[in-house]
Amino acid sequence: MNKNEVKGKMKGSVVAVIRCADFDLAEKISKRLISDGIKAIEVTYSVKDAGKLIKNLKEQFPDTLIGAGTVLKLEEAKEAVGYGADFIVSPCIVEEVCDFCVKNDICCSQGVATPTEAFKAYKMGADIIKLFPGSAFGPSYIKELKGPFPFMNFMPTGGVSEKNIKEWFDNGVVAVGLGGYFTKNITEDNLSDIDVRVKKIFDALK
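This structure is a prediction, so every number in the text was calculated from the model and none was measured. Every chain begins its residue count from 1, and numbering advances along the sequence as written. Given that the model is predicted, a residue must reach a pLDDT of at least 70 before its local features are reported, and side-chain atom pairs must reach 80 or more before they are shown or counted; all residues, however, enter totals for whole chains, interfaces and linings. Side-chain numbers come from the whole structure's heavy atoms, not from hydrogens or water.

### Describing the pattern of salt bridges
Reasoning step 1: For this document, the term salt bridge refers to a Lys or Arg side-chain nitrogen within 4 Å of an Asp or Glu carboxyl oxygen. Tallied over the full model, the rule gives 11 salt bridges.
Reasoning step 2: Notably, a salt bridge pairs Lys-120 with Glu-95, separated by 3.1 Å at the nearest N-O pair. With a gap of 25 residues between them, Lys-120 in helix H6 (residues 115–124) and Glu-95 in helix H5 (residues 95–103) connect regions that are remote in the sequence. Segments assigned H or I by DSSP are reported as helices when at least four residues long, segments assigned E as strands when at least two residues long, and all are numbered from the N terminus.

### A short note on helix H2 (residues 23–35)
Every α-helix winds through 3.6 residues per turn, so residues three or four apart in the chain are directed the same way.
Reasoning step 1: Here H2 is 13 residues long and its end C-alpha atoms lie 18 Å apart, about the 18 Å a rise of 1.5 Å per residue gives.
Reasoning step 2: Those residues of H2 that sit buried are Phe-23, Leu-25, Ala-26, Glu-27, Ile-29, Ser-30, Leu-33 and Ile-34.
Reasoning step 3: Contacts: residue pairs with any heavy atoms within 4.5 Å of one another. Against strand E1 (13–18), strand E2 (40–44), helix H3 (50–60), strand E3 (65–69), helix H9 (180–183) and helix H10 (192–204) lie the buried residues of H2.
Reasoning step 4: Under this definition, polar contacts are N or O atom pairs within 3.5 Å; protein pairs additionally need one hydrogen-donor-capable and one acceptor-capable atom, and for neighbouring residues in sequence, both atoms have to be side-chain atoms. The residue sitting at the N-terminus of H2 and contributing the capping side-chain oxygen is Asp-22; that oxygen lies 3.3 Å from the backbone nitrogen of Asp-24.
Reasoning step 5: Once H2 finishes, Gly-37 follows within two positions and takes phi at roughly 110 degrees, a positive value. In this analysis, the expected span of each helix is defined as 1.5 Å times one less than the number of residues it contains. For every residue, the accessible area obtained with a 1.4 Å probe (protein chains only) is divided by the maximum for its type, and the residue is called buried under 20%, exposed over 50%, and partly exposed between those limits.

### What about the packing of aromatic side chains?
Reasoning step 1: Classification of ring pairs rests on two measures: the distance between centres of Phe, Tyr or Trp rings, Trp counted by its six-membered ring, which must be within 6.5 Å, and the angle between planes, read as stacked under 30 degrees, edge-to-face over 60 and tilted in between. Summed over all chains, the structure comprises 5 aromatic pairs.
Reasoning step 2: Ring plane angle 45 degrees and centroid distance 4.8 Å describe the contact between Tyr-122 and Phe-151, whose orientation is recorded as tilted. In this pair, Tyr-122 is assigned in helix H6 and Phe-151 in the loop between helix H7 (139–146) and strand E7 (154–156), connecting sequence segments 29 residues apart.
Reasoning step 3: We classify Tyr-122 as partly exposed; its relative accessible area is 34%.
Reasoning step 4: Given a relative accessible area of 42%, Phe-151 falls into the partly exposed group.
Reasoning step 5: With 6.2 Å between their ring centres and 70 degrees between their planes, Phe-149 and Phe-151 make a pair best called edge-to-face.
Reasoning step 6: Judged by relative accessible area, Phe-149 falls into the buried class, the value being 11%.

### Topic: the sheet that holds E7
Reasoning step 1: The rule for pairing is simple: two strands pair if DSSP sees at least two bridges between them. Within the open sheet, the 8 strands sit side by side as E7-E6-E5-E4-E3-E2-E1-E8. Their pairing is parallel. Strands with a single pairing partner mark the edges of an open sheet, and in this sheet they are E7 and strand E8 (175–178). On average, each strand axis in the sheet is inclined to that of its neighbour by 25 degrees, with strand direction left out of account.
Reasoning step 2: Only C-alpha atoms enter the line fits that serve as axes; for helices the fit covers just the stretch in contact. Angles between N-to-C directions range over 0 to 180 degrees. Where H6 meets the sheet, it contacts strand E5 (107–112), strand E6 (128–131) and E7, and its direction lies at approximately 160 degrees from that of E5.

This is the structure:
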């Protein structure tokens, strides 16, 4: 998928952020989320062999957006793209990562917390402005940012749940990222709990 296709599919999406040290569990959680209807998975580089997991998921689910998260180094961005990542996400502004994505037509999200950082990320070429941590601000912050920056695509991550997800979208975000909400306390013995959590999120968006 080219960058414009990825941006189009990202609009209105729930991005599941996989932050799990164990590779096998991370893979099982990702597959469960996809089977439950999640259409975008962000494999963070805190997962062991993250690049391999991106490759496995992309090969098995070519129509699902599979991206790389917590990308703090140029080498990680290059590896992830080489393994088929559709998008790259950093928790803060990482200029060399953003530059690489812009030059290679890769959808890029850079993490920000302030208007100055948001504008810097946008000027650098970030396609999606990741508000992180979202829990520190709340949905109304997006409405305030959209005043001077109506042209920016915001994606909050952290603190998004079934209690506020609709409010985030109502205030103008393009997508939301949910990590711990889906994965906290999940083991191989209770993967079915993911089904319940995903249903709550989709029900909240109805």
